[in-house]
Amino acid sequence: EREAKSVTKACRRRAARARPERSERERVAMVMLSEQLTCGRAVRARGIAAAPRRRAPVVAARASAKRQQVPRRSVSGSAERRGERVKVRAASAAPPAAVPPPQVFQSACSTSMAKAKYSWDKTLVLGFLAGSLIGIGALLCSVVAGSSPTLAANNPGLSSFVKGAIGLPAGLAMVILTGAELFTGNVFIMLSGLLTGKVNLADVCKSWFWSFNGNFAGSLFVAAMAFLAQTTSSEALTASVAKVAVAKVSMGFTTLFAKGVLCNWLVCLAVWMAMASNSIPGKLLSIFIPISTFVTLGFEHSVANMYAVSTLSAGFLFNPWTRPGERPEETR
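For every chain, the first residue of the written sequence is number 1, and numbering continues from 1 onward in sequence order. For a predicted model such as this one, the threshold for reporting local features is a pLDDT of at least 70, and the threshold for listing and counting side-chain atom pairs is 80 or more; totals across whole chains, interfaces and linings nevertheless cover every residue. In computing side-chain values, all of the structure's heavy atoms are included and hydrogens and water are not.

Asker: Quick question: what am I supposed to make of the pattern of salt bridges here?
Answerer: Proximity of charged atoms lets side chains of opposite charge pair with each other. The working definition used for a salt bridge is a side-chain nitrogen of Lys or Arg within 4 Å of a carboxyl oxygen of Asp or Glu. Throughout the structure, instances matching the rule amount to 2 salt bridges. Ionic pairing is found between Lys-115 and Glu-181, a salt bridge with its closest N-O pair at 2.2 Å. One end of the pair, Lys-115, is in helix H5 (residues 101-116); the other, Glu-181, is in the loop between helix H9 (168-178) and helix H10 (183-195), with 66 residues separating them in the sequence. We call a residue buried when its accessible area falls under 20% of the maximum for its residue type, exposed when it is over 50%, and partly exposed in between, using a 1.4 Å probe and counting protein chains only. On the basis of relative accessibility, which here comes to 12%, the residue Lys-115 falls in the buried class. Glu-300 is the partner of Lys-248 in a salt bridge, and the nearest nitrogen-oxygen pair spans 2.7 Å. Here Lys-248, found in helix H12 (residues 235-249), pairs with Glu-300, found in the loop between helix H14 (280-297) and helix H15 (302-318); they are 52 residues apart in sequence, far enough to count as distant. Runs of E in the DSSP output that reach at least two residues are strands. Runs of H or I that reach at least four are helices, and both are numbered from the N terminus.

Asker: Sorry if this is basic, but what is going on with the packing of helix H6 (residues 120-146) against helix H8 (residues 156-166) here?
Answerer: The packing of two helices is summarised by the inter-axis angle and the distance between the axes. As a rule, the C-alpha atoms of each element are fitted with a line to give its axis, helices using only the stretch in contact, and angles between N-to-C directions run from 0 to 180 degrees. Close contact between H6 and H8 brings their axes to 8 Å; oriented N to C, the two are set at 150°. Between H6 and H8, the angle is such that the two are roughly antiparallel. With respect to the hand of their crossing, H6 and H8 are arranged in right-handed fashion. Counted together, Leu-140, Cys-141, Val-144 and Ala-145 of H6 and Val-162, Lys-163 and Ile-166 of H8 form the full contact between these two elements. Side-chain classes are defined by residue name, with Ala, Val, Leu, Ile, Met, Phe, Trp, Tyr, Cys and Pro counting as nonpolar, Asp, Glu, Lys and Arg as charged, and the others, Gly among them, as polar. Split by residue class, the contact of H6 with H8 holds 6 nonpolar, no polar and 1 charged. Should an angle fall under 35 degrees it is called roughly parallel, over 145 degrees roughly antiparallel, and 65 to 115 degrees roughly perpendicular, with every other angle called oblique. Two helices crossing with the near one rotated counterclockwise from the far one by less than a right angle form a left-handed crossing, whereas a clockwise rotation gives a right-handed crossing. The criterion used for residue contact is that any of the two residues' heavy atoms lie within 4.5 Å.

Asker: Quick question: what am I supposed to make of the environment of Ser-207 here?
Answerer: Mapped onto the elements of the fold, Ser-207 is located in helix H11 (residues 201-228). Expressed as a C-alpha distance, the spacing of Ser-207 and Asn-186, which sit 21 residues apart in the sequence, is 7.8 Å. Those residues within four positions of Ser-207 in sequence are excluded, and the remaining contacts are Thr-123, Asn-186 and Met-190.

Asker: Just checking my understanding: could you explain unusual backbone geometry for this structure?
Answerer: Note: most peptide bonds trans; most residues except glycine with negative phi. A positive phi angle, close to 55°, is found at Gln-230, a residue other than glycine. Locating Gln-230 in the fold gives a position in the loop between H11 and H12.

Asker: Explain a nonpolar patch on the surface to me, please; I cannot follow it from the model alone.
Answerer: Taken together, the side chains of Phe-128, Phe-221, Met-225, Phe-227 and Leu-228 make up a nonpolar region of the molecular surface, amounting to roughly 480 Å² of accessible area. Among the elements that make up the nonpolar patch, the one with the highest residue count is H11 (4 residues). Tracing the sequence through the fold places Leu-228 in helix H11. We classify Leu-228 as exposed; its relative accessible area is 63%. Patch building starts from residues that exceed 30% relative accessible area and form no salt bridge, then joins like charges within 9 Å and nonpolar side chains (Val, Leu, Ile, Met, Phe, Trp, Tyr) within 5 Å. Shrake-Rupley sampling with a 1.4 Å probe provides the accessible areas, and residues are treated as covered by the protein chains on show and by no other component.

Asker: What am I meant to see in the nonpolar core here?
Answerer: In a soluble, globular protein the nonpolar side chains are often hidden away together inside. Residue types Ala, Val, Leu, Ile, Met, Phe, Trp, Tyr and Cys, when buried and joined through side-chain atoms within 4.5 Å, form a set referred to as a nonpolar core. Of all hydrophobic cores here, the largest spans 28 residues; its most connected members are Leu-168, Val-175, Ile-291 and Phe-294. Of all the elements in the fold, those that place two or more residues in this core are H6, H9, H11, helix H13 (253-276), H14 and H15. Residue contacts for Val-175: discarding those within four places in its chain leaves Ala-130, Leu-133, Ile-134, Ala-180 and Leu-182. If you look at the next biggest cluster of nonpolar residues, it comprises 5 residues, including Ala-108, Phe-188, Ile-189 and Val-271.

Asker: Sorry, what's going on with the layout of surface pockets here?
Answerer: Using a probe with the size of a water molecule, rolled over the atoms, empty space left in the structure can be pinpointed. Using a 1 Å grid laid over the protein atoms alone, points where a 1.4 Å probe fits but cannot get out form a cavity; open sets with protein on both sides within 12 Å along at least 5 of 7 lines form a pocket; any residue with an atom within 4 Å of a point counts as lining. Grid points are joined across faces, edges and corners, and a volume is the space filled by probe spheres set on the points. One number sums up the size of the largest pocket: a volume of about 900 Å³. The wall of the largest pocket is formed by 34 residues, among which Cys-141, Ala-145, Lys-163, Val-244 and Lys-248 lie closest to the centre. Only H6, helix H7 (149-154), H8, H12, H14 and H15 provide two or more residues apiece to the lining of the largest pocket. In terms of residue count, the dominant contributor to the lining of the largest pocket is H12 (8 residues). When grouped by side-chain class, the residues that make up the lining of the largest pocket number 19 nonpolar, 10 polar and 5 charged.

Asker: How do you make sense of the environment of Leu-129 when you look at a structure like this?
Answerer: Topologically, Leu-129 is positioned in helix H6. By relative accessible area, Leu-129 is classed as partly exposed at 34%. Separated by 50 residues in sequence, Leu-129 and Gly-179 place their C-alpha atoms 9.3 Å apart.

Asker: Would you take a moment to explain empty space enclosed by the protein for this structure?
Answerer: According to the stated counting rule, one finds 2 cavities of 30 Å³ or more in the structure shown. Contributing elements (two or more residues each) for the lining of the largest cavity: H9 and H14. Looking at the lining of the largest cavity residue by residue, the classes come out as 7 nonpolar, 1 polar and no charged.

Asker: Honestly, the confidence of the model for the chain in this entry has me stumped. Any pointers?
Answerer: Low pLDDT means the predicted atomic positions in that stretch should not be read closely. Overall, the prediction assigns the chain a mean pLDDT of 77, with 67% of residues at 70 or greater. The quantity called pLDDT is the predictor's confidence in a given residue, expressed from 0 to 100. Confidence over residues 48-55 falls short of pLDDT 50; this stretch has 9 contacts with residues more than four positions distant or in other chains.

Asker: How should the packing of aromatic side chains be read in this particular structure?
Answerer: Each pair of aromatic rings is reported with the distance of its centres and the angle of its planes. Whether two aromatic rings pair depends on their centres lying within 6.5 Å, for rings of Phe, Tyr and Trp, where Trp uses its six-membered ring; planes under 30 degrees apart make the pair stacked, over 60 edge-to-face, and the rest tilted. Enumeration over the complete set of coordinates arrives at 7 aromatic pairs. Plain terms: the ring middles of Phe-183 and Phe-212 are 5.2 Å apart, the flat faces sit at 80° to each other, and that makes the pair edge-to-face. Within this pair, whereas Phe-183 is found in helix H10, its partner Phe-212 is found in helix H11, the two being separated by 29 residues in sequence. Centre to centre, the rings of Phe-188 and Trp-272 are 6.0 Å apart; their planes meet at 50°, and the pair counts as tilted. Taken together, the residues Phe-188 in helix H10 and Trp-272 in helix H13 connect sequence positions 84 residues apart. Under the relative-accessibility criterion, Phe-188 is labelled buried at 12%. Through a chain of ring-to-ring contacts, three or more aromatic side chains come together here, namely Trp-120, Phe-209 and Trp-210.

What follows is the structure, encoded as structure tokens:
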């Protein structure tokens, strides 16, 4: 025991006489090592081990030399390495910019199952919201077209593209980003679930019925509010809206059916492309391309036509600009 105490004191003095540039951690480690060596020295002194007593200081010196040879990692270097690992993990965990078509179809089937569980009043309210937003987009298209008669007369193609680029793409973008129920897009979603057996025919008919009626109610509401707000009260705008609506209701059934099929093809493609994108700018661009295409080509969208025909009906009933023989100049 006396020898063990003397060795401990010697190691502590050695640690105290360490170089000043040595860190506090190394000094503590040397003291702990000396205590361990002291305990082993005491055990060997009792006969459990037969190692020479004078090897303990040599082992301590060798351990100290090894610690001096191993360079310590700098804090800045470890921080840089941690930053690189975080960047690699973030890059590996980032979702892809676009989803492949099989996953888009599976997502549509899963969405159909969720829509089938909606109550009738929820589908009706979401349909009302979608009809209102599409009506607002159609109203914007009508105002832009009616406010630029010179462009329509001099360059009809550019005028059609301007109408397609401004009005209905904004309406469908608001529908998709708010989660509203548009009948034309609902046809694609529910048919996908029906063809794969995810939903039954009763669920499809229920969703179609309430979404269609909700769209019609929303279109009527926007048409009435636009009339009360006198959005198209000027002669030029009223004449433009009436001309467009009369042209729509004057076409034959076959022509309207073909234009409706082509229109909904592009609308469903817009919904598909929006589901394939994982970013809002990507969704907006995916909506813009097909919708501006079908408006420029003159195809017919059923929900947008609900608003157009409702506006025409309100104009014939309440607005003297649309009733032949009852213009303000003639009634004076």
